[in-house]
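# Tertiary structure, described
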Amino acid sequence: MKNISINIDKALGVVTKEQVYAQEAKANECIATLHNGNGAGNDFLGWLHLPSSITDAELTDIENTANVLRSKCEVVVAIGIGGSYLGTKAVVEALNNSFDWLQSDRKNPVVLYAGQNIGEDYLYELCEILKGKQFGLINISKSGTTTEPALAFRMLKKQLEDAVGKEEAKHRIVAITDAKRGALRTLADQEGYKTFIIPDNVGGRFSVLTPVGLLPIAVAGISIRDLVAGAVSMEKATGIEIPFNENLSAIYAATRNELYKSGKKIEILANFHPKLHYIGEWWKQLYGESEGKDGKGIFPASVDLTTDLHSMGQWIQEGERIIFETVISVETPSHKVEVPTDEANLDGLNFLAGKRVDEVNKMAELGTQLAHVDGGVPNIKITMPEVNAYYIGQLFYFFEKACGISGYMLGVNPFDQPGVEAYKKNMFALLNKPGYEKESEAIRARL
Ligand SMILES: O=P(O)(O)OC[C@H]1O[C@H](O)[C@H](O)[C@@H](O)[C@@H]1O
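Residues numbered from 1 in each chain as written. Predicted model: local features only at pLDDT ≥ 70, side-chain atom pairs only at ≥ 80, totals over all residues. Heavy atoms only, no water.

### Description of the overall build of the protein
Scanning the protein from terminus to terminus reveals 18 helices and ten strands. Taking 22 Å as the expected radius of gyration for a compact globule of 447 residues, we find that the protein reaches 23 Å, a close match to that expectation. Taking the principal axes of the C-alpha coordinates as reference, the protein spans close to 60 × 60 × 55 Å. For the protein, buried positions account for 51% of its 447 residues. Counting only contacts in the protein whose residues sit at least 6 apart along the sequence, the fraction spanning at least 24 positions is 78%. (Helix = DSSP H or I, 4+ residues; strand = E, 2+ residues; numbered from the N terminus. Rg over C-alpha atoms; globule rule 2.2 N^0.38 Å. Buried < 20%, exposed > 50% of the residue type's maximum accessible area, 1.4 Å probe, protein only. Contact = heavy atoms within 4.5 Å.)

Okay, here's the thing in structure tokens:
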């Protein structure tokens, strides 16, 4: 097996290689802080050794539960938001057929999502499409108190019970939540659902390699063992004993922090592989919630290329020079498609005849890299040999480890997200939630 790799050559210019490598001691100190558990947020370091500590029995339990859902359901709705949603969506979108819903000879249930928004029309259409279908629910919430998934679950649970009866519904509902606390825990215990625990010391955005991600990913028919194996290999490759110049996560963390210090406030994660769109969404939560605090932090953005070169390309090329780009480059696509010859050649594309579509894409990628570098956009390149569960597992762990290091380099607690409560408090006050009487009065006076 190959490994994902990093190349920072084209990120150098605004910052030098010497500057990046001068961060070696700082990076090593941050890695030691993570491994020794003596830094801020040290009660949320469970993700650090998650891949290597998952047991065969745990994986088998997840696979068996997935198989029950797979045997009973044409559709499984994964209910969750943020870290309880994005990892699954990233893997399923990357590895499923892009036109999955149109496949007629299905081997796997369709995985749908709920609780990731409060869209009334979205919920209406979801409930409508589930009518007459055999479906199941995976309700995922670490805290067990998040409004969006709780609302969706309330509706879908009722619909399921009305359709198949309370007893059968119990066999089609799985809850993934905290071991002891939260409304979902109480509900699951009372109703007798099969449950999986999200460990206390694993925060939502670091939880994809717990049952949070592993169960719905297994339901989709994707090998969770390959995913975990990839993550295990990256856990080793970024370990405390690995020298700085060989540690991908440390190099990435050091480079992006040096770029940030030089005025590059926005990092754009780009892919040239449309199926990686949600990897970008997952990455944005990971870095956004981990670093955006205390008035600091790189703003994480993402683009799908070449698609967005026709919308955001202008800004990236010539807008305010406060950005750098991190490109996930896929070495080999899973399929082969060649450009056909056309006798009339009215479109003038015969110079491409016989070439693989990926060759065109790769030249677009190279051309974009050089153009953006010329335009003052430093470029970090992360190469993935191919898009499969193993390399996605590597990518997840690589980014998680780098995020921990990077957050400590920046001088924040990368494992909390106090700012997320602000909107919730206002929303509850506006909705007159019991216990929020004072806040309701205060907020209404501002309207
Ligand atoms: O899993 P849950 O407790 O429902 O949380 C889901 C998400 O929403 C919260 O508000 C946090 O900001 C996220 O970090 C979390 O992943």
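### Let's talk about a nonpolar patch on the surface
Taken together, the side chains of Phe99, Trp101 and Leu102 make up a nonpolar region of the molecular surface, amounting to roughly 430 Å² of accessible area. Turning to its location among the elements, Phe99 is positioned in the loop between helix H5 (86–95) and strand E3 (110–114). Exposure remark for Phe99: the relative accessible area of 54% places this residue in the exposed category. (Patch = residues over 30% accessible without salt bridge, like charges linked within 9 Å, V, L, I, M, F, W, Y side chains within 5 Å. Areas by Shrake-Rupley, 256 points an atom, 1.4 Å probe, with all protein chains shown as cover. Salt bridge = Lys/Arg side-chain N within 4 Å of Asp/Glu carboxyl O.)

### Comments concerning the nonpolar core
For soluble globular proteins, nonpolar side chains are generally found buried alongside one another. Ranked by size, the top nonpolar core spans 96 residues in total, and within it Phe398 and Phe399 carry the most contacts. Among the domains, domain 1 (5–38 + 230–415) and domain 2 (49–222) are the pair contributing at least three residues each to this core. Not counting the four nearest positions on each side in its chain, Phe399 is found in contact with Tyr252, Leu269, Trp282, Trp283, Leu286, Tyr287, Ile328 and Ile382. Formed by 21 residues, the second largest nonpolar core is a distinct cluster that contains Ala114, Leu130, Ala152 and Tyr193. (Core = buried A, V, L, I, M, F, W, Y, C linked by side-chain atoms within 4.5 Å. Domains from an automatic or database assignment.)

### A word on the domain arrangement of the protein
Along its sequence, the protein is organised into domain 1 (5–38 + 230–415) and domain 2 (49–222). For domain 1 versus domain 2, the distance between C-alpha centres works out to 30 Å. If you look at the interface, domain 1 gives 25 residues, while domain 2 gives 23 residues. Roughly 2000 Å² of surface becomes buried between domain 1 and domain 2 when both sides are summed, with 66% attributable to carbon and sulfur atoms. Counting every contact that joins domain 1 to domain 2 gives one salt bridge. Two residues, Arg205 and Glu289, come together in a salt bridge whose shortest N-O distance is 3.0 Å. Connecting domain 1 to domain 2 are seven residue pairs in polar contact (both at pLDDT 80 or more). The set of elements that each furnish at least two residues to the side of domain 1 that touches domain 2 consists of helix H11 (224–237), helix H13 (277–291) and helix H16 (389–410). Residue contributions to the side of domain 1 that touches domain 2 peak at eight residues, all from H13. A breakdown of the residues in the side of domain 1 that touches domain 2 according to their chemical character gives 15 nonpolar, four polar and six charged. (Buried area = accessible area lost by both parts, 1.4 Å probe. Polar contact = N/O pair within 3.5 Å; in protein donor to acceptor, adjacent residues only side chain to side chain. Nonpolar A, V, L, I, M, F, W, Y, C, P; charged D, E, K, R; others polar.)

### Some thoughts on the packing of helix H2 (residues 24–36) against H16
One way to put it is that H2 packs onto H16 with a least axis distance of 9 Å and a crossing angle of 115 degrees. In terms of orientation, H2 and H16 fall into the roughly perpendicular class. Remark: the crossing between H2 and H16 carries right-handed chirality. Contacts from Lys26, Ala27, Cys30, Ile31, Thr33, Leu34 and His35 in H2 reach Lys401, Gly404, Ile405, Tyr408 and Met409 in H16. (Axes fitted to C-alpha atoms, helices over the stretch in contact; angles between N-to-C directions. Parallel < 35°, antiparallel > 145°, perpendicular 65-115°, else oblique. Left-handed = near helix turned anticlockwise from the far one by under 90°.)

### What about the pairing of E3?
Counting buried residues along E3, four of its five residues qualify, which places the element largely inside the surrounding structure. Sheet topology note: the strand E2 (residues 75–79)/E3 ladder contains five bridges and is parallel. Looking at the pairing, Ile79 lines up with Ala114 of E3. Read from E2 through H5 to E3, the crossover connection turns out right-handed. (Pairing = 2+ DSSP bridges. Right-handed = clockwise from strand over helix to strand, strands pointing away.)

### Digging into the confidence of the model for the protein
Taken residue by residue, the protein gives an average pLDDT of 97. The fraction at 70 or more is 100%. This prediction of the complex comes with two scores: 0.98 for pTM and 0.98 for ipTM. (pLDDT = per-residue confidence, 0-100.)

### Digging into the UniProt feature "active site" (unreviewed entry) in the protein
When the UniProt feature table is mapped onto this chain numbering, "active site" (unreviewed entry) sits at Glu289 and Lys424. Relative to the helices and strands, Glu289 is located in helix H13. Residue classification places Glu289 among the partly exposed residues on the basis of a relative accessible area of 22%. Polar contacts involving the side chain of Glu289 include one to the side chain of Arg205, which spans 3.0 Å. Examined against the element boundaries, Lys424 turns out to sit in helix H17 (residues 421–430). (UniProt positions renumbered as here; feature names shortened; annotations may be inferred.)

### Quick notes on the site of the ligand
Near the ligand, the surroundings consist of 13 residues, among which Ser84, Ser141, Ser143, Thr146 and Glu289 are the closest. Thr146 is positioned with one of its side-chain polar atoms (N or O) 2.5 Å from an oxygen atom of the ligand. Note that an oxygen atom of the ligand is positioned 2.7 Å from one of the side-chain N or O atoms of Lys424. Look at the ligand: alone it shows 390 Å² of surface, and the protein chains cover 89% of it. A class-by-class count of the residues in the shell around the ligand yields two nonpolar, eight polar and three charged. (Near = heavy atom within 4 Å.)

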